[in-house]
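An overview of the molecular structure
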Amino acid sequence: MKIAVIGTGYVGLVQGAAFADVNHSVTCVDKVKEKIIHLNEFCEGKRNDLPILEPDLPRLVKENYDKKRLSFTTDINEAVKGAKVIFIAVGTPSNEDGSANLTHVKNVALDIAKAMNYESETPIYKIIVNKSTVPPNTYKVVHDIIASETRNGFDVVSNPEFLAEGRAVKDCLRPSRIIVGTSNAKAASKMEELYAPFKDREVSIMFMSNIDAEMVKYASNTYLAAQVSLTNAMANLSRELGADWRKVLEGVKKDVRVGRFVYAGLGFGGSCFPKDVRELIHTMSMYRGNTLDLEYLKKIIEMNEAQKSVFLPRMEKYYGSLEGKKIAVWGTTFKPETNDVRESAGLHMIKELLLRGASVAAYEPSGSEHSLFALSLDENLKPHMERLAFAHDMYGALKEAEGVVIAVEWNDFRNPDFEKMKKLMKAPVVFDGKDIINTRHMEDYGFDYFSVGRPDLLCFSKN
Ligand code: NAD
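Residues numbered from 1 in each chain as written. Predicted model: local features only at pLDDT ≥ 70, side-chain atom pairs only at ≥ 80, totals over all residues. Heavy atoms only, no water.

Helix and strand content of the protein chain: 17 helices and 15 strands. For the protein chain, whose C-alpha radius of gyration is 24 Å, the value lies close to the compact-globule estimate of 23 Å for 463 residues. Out of the 463 residues belonging to the protein chain, those deemed buried represent 53%. Of all intrachain contacts in the protein chain linking residues separated by at least 6 positions in sequence, the fraction that spans at least 24 positions is 73%. (Helix = DSSP H or I, 4+ residues; strand = E, 2+ residues; numbered from the N terminus. Rg over C-alpha atoms; globule rule 2.2 N^0.38 Å. Buried < 20%, exposed > 50% of the residue type's maximum accessible area, 1.4 Å probe, protein only. Contact = heavy atoms within 4.5 Å.)

Attention now goes to the pattern of salt bridges. By the definition in use, this model includes 29 salt bridges. Between Arg-59 and Asp-56 there is a salt bridge, with its nearest N and O atoms 2.9 Å apart. One salt bridge in this structure joins Glu-192 and Lys-199, with 3.4 Å as the shortest N-O distance. Residue classification places Lys-199 among the partly exposed positions, given a relative accessible area of 35%. Each of Glu-41, Arg-47 and Asp-49 takes part in one network of salt bridges that share partners. (Salt bridge = Lys/Arg side-chain N within 4 Å of Asp/Glu carboxyl O.)

Of the pockets and cavities examined, the second largest pocket occupies roughly 240 Å³. What lines the second largest pocket is a set of 13 residues, and nearest its centre among them are Pro-135, Pro-136, Asn-137, Thr-283 and Tyr-287. The set of elements that each furnish at least two residues to the lining of the second largest pocket consists of helix H9 (210-241) and helix H11 (273-288). Per-element tally for the lining of the second largest pocket: the top contributor is H11, with seven residues. Considered class by class, the residues forming the lining of the second largest pocket number eight nonpolar, four polar and one charged. (1 Å grid on protein atoms, 1.4 Å probe; cavity = no way out; pocket = protein on both sides within 12 Å on 5 of 7 lines; lining within 4 Å. Points joined across faces, edges and corners; volume = space filled by probe spheres on them. Nonpolar A, V, L, I, M, F, W, Y, C, P; charged D, E, K, R; others polar.)

This part takes up the site of the ligand. Inspection of the region around the ligand gives 26 residues, with Asp-30, Lys-35, Thr-92, Glu-165 and Lys-275 positioned closest. Note that an oxygen atom of the ligand is positioned 3.0 Å from one of the backbone N or O atoms of Tyr-10. Glu-165 is positioned with one of its side-chain polar atoms (N or O) 2.8 Å from a nitrogen atom of the ligand. In the complex, the protein chains occlude 91% of the 840 Å² of accessible area that the ligand would expose alone. Residue composition of the shell around the ligand, grouped by class: nine nonpolar, nine polar and eight charged. For the shell around the ligand, the two domains that each supply at least three residues are domain 1 (2-208) and domain 2 (220-304). (Near = heavy atom within 4 Å. Polar contact = N/O pair within 3.5 Å; in protein donor to acceptor, adjacent residues only side chain to side chain. Areas by Shrake-Rupley, 256 points an atom, 1.4 Å probe, with all protein chains shown as cover. Domains from an automatic or database assignment.)

As summarised here, the arrangement of the seven strands in space is E11-E10-E9-E12-E13-E14-E15, forming an open sheet in which the pairing is mixed. Each edge of the sheet is formed by a strand with only one pairing partner; in this case those strands are strand E11 (388-390) and strand E15 (457-458). As judged from the three bridges shared by strand E9 (residues 326-330) and strand E12 (residues 404-406), these two strands associate in the parallel manner. Within E12, the position partnered with Trp-330 by the bridge is Ile-406. Against the sheet, helix H13 (residues 312-319) contacts E9, E12, strand E13 (429-432), strand E14 (448-451) and E15, and its axis sits at roughly 165° relative to E13. (Pairing = 2+ DSSP bridges. Axes fitted to C-alpha atoms, helices over the stretch in contact; angles between N-to-C directions.)

Of all the positions in helix H3 (residues 57-66), only Leu-57, Leu-60, Val-61 and Asn-64 are classed as buried. When H3 is viewed along its axis, its buried side chains cluster within an angular range of 95° and face the same direction. Lining the buried residues of H3 we find helix H1 (12-21), helix H2 (33-43), strand E3 (70-73) and helix H7 (168-173). Lys-68 sits one or two positions beyond H3 and adopts a positive phi of about 60°. (Arc of directions from axis to C-beta.)

Next up on the list: unusual backbone geometry. Unusually for a residue other than glycine, Asn-137 sits at a positive phi of about 90°. The phi dihedral of Glu-400 falls on the positive side, at around 65°, and the residue is not glycine. One can find Glu-400 in the loop between E11 and E12.

The next subject is the packing of H2 against H3. Their axes nearest at 9 Å, the elements H2 and H3 cross at an angle of 75°. As summarised for this structure, H2 and H3 are arranged roughly perpendicular, according to the angle between their axes. Note on element contacts: H3 touches H2 through Pro-58, Val-61, Lys-62, Tyr-65 and Asp-66, opposite Asn-40, Phe-42 and Cys-43. In the contact of H2 with H3, the residues fall into five nonpolar, one polar and two charged. (Parallel < 35°, antiparallel > 145°, perpendicular 65-115°, else oblique.)

By the criterion of burial, strand E2 (residues 25-29) is predominantly enclosed, with four of the five residues buried. Traced from strand E1 (residues 2-6) through H1 to E2, the parallel crossover comes out right-handed. In this sheet, E3 lies alongside E2 in parallel orientation, the contact comprising four bridges. If you follow Cys-28 over to E3, its bridge partner there is Phe-72. (Right-handed = clockwise from strand over helix to strand, strands pointing away.)

Once that is clear, we can look at the nonpolar core. If you look at the biggest cluster of nonpolar residues, it comprises 61 residues, and the most contacted ones within it are Phe-311, Met-315, Trp-330, Ile-350, Leu-353 and Met-421. With six residues, the single largest contributor to this core is helix H14 (residues 345-355). Both domains that furnish three or more residues to this core are identified here as domain 2 (220-304) and domain 3 (309-458). Among all residues touching Ile-350, those that are not within four sequence positions of it are Val-329, Thr-332, Val-360, Ala-362, Leu-375, Leu-388 and Phe-390. Leu-13, Met-191, Val-203 and Ile-205 belong to the second-largest nonpolar core, a separate cluster that totals 41 residues. (Core = buried A, V, L, I, M, F, W, Y, C linked by side-chain atoms within 4.5 Å.)

Let us look at the domain arrangement of the protein chain. Interfaces are often sized by the amount of accessible area the parts lose when they come together. According to the domain assignment, the protein chain consists of domain 1 (2-208), domain 2 (220-304) and domain 3 (309-458). The centre of domain 1, based on its C-alpha atoms, is set 30 Å off from the matching centre of domain 2. The partner domain 2 presents eight residues to the 13 residues of domain 1 that form the contact. Counting each side, the surface lost to burial between domain 1 and domain 2 is near 790 Å², with a carbon and sulfur contribution of 48%. When the buried area of domain 1 at its contact with domain 2 is split by residue, Ser-94, Gly-98 and Thr-133 rank highest and sum to 35% of it. For the interface between domain 1 and domain 2, the tally reads zero salt bridges. (Buried area = accessible area lost by both parts, 1.4 Å probe.)

Here it is, written out as structure tokens:
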């Protein structure tokens, strides 16, 4: 089936390649010319990297490009021509008030409608699929924009995406669920044909109304975000009581009703949880006013923001002041196996440390480019940036450091060379924002060790 995917970000590129892999003919479109040039150069062997980092994505893209099932263009007319299904997979960032910004979605809807008019004298009925995460009822907005521009036949289907960055290829090739929101039988049957190769004994296509499908996505992310906040509240308390959250968890997790997001950390980040919970808060405020439900959702965000700073008062107490201290930060993405730094705890730590007068030596396994760009957008940081340097390797960041903050659970950080760390650092002090270090090593090598959910260990400063 010929399909078009508009937007070649974490969702559009991976899902487009996955559809190509099951023999659909996919044209991916992006308005950013440099991105399309980058993708084409990668496919032609002129460069090694893709614009986004995802395990196995280079192979998937290259193989399907070579088989002529996947192509990239900035020309939406070319992509829409002959396509039966058109996916909208553009960003929906937060507005100032927390609501989702639908500018990109609306622009694409209009572009699609114009391209439909341009197609031919005998137009093909189209299914416009909203894969972007959009507030409940957006399907009507998209429908109205397209209907106001073209008289050609189409339906709007709501098909939220559940891939997780860092495992996006796996998630797209073997989805946990396929949600199709439509009340139109013809559209439902086309979607069934499109997704048939992804169905198996465990994964079926779940049909529901558009608004149900839109709501599934927000409810899912809000459940997961709430679980992270609750976990961190339990972990913070455990530590203060002198309990070890990792041990507590062993008992709690025996209850199968408790989910997977139960590891203590510096809060959630990324492009989805924060913005999607904020959007649901905004939607709820329009329907329910200032009720307890609304307060509950707001607290998820507030607790998460506070969690990103959970080490700062503890560091200030430990060092007296952070002014003039050199601190290393390991990891600036919002999770491992991605190069996405949006709303990450590592960038938050860098910012707060710089504002407190510390020097920061950071290291990020996926490269420093995205982090430096994100930090450069913050006007408040401009006078402090000269105290920030990115190292080329994780140990390089430790030279003369008086502490290291582990902000992401990249595998390299789980079991580092402690002997080497101790030699390089001015003071062997670890702030483990992901509770990943085996505390036995901290004792053996004589580190001071601070984590989110486990009691402090003062093996260095006590001697
Ligand atoms: P992204 O920012 O990585 O990519 C969006 C792409 O759309 C960009 O390349 C941008 O240039 C392009 N674009 C914007 N306007 C365009 C236009 N008018 N024409 C053509 N291209 C245009 O975003 P993403 O992370 O892929 O997310 C896309 C949507 O999917 C969002 O609504 C997001 O909430 C949702 N989602 C994301 C994830 C995730 O893990 N990233 C998971 C599930 C759902």
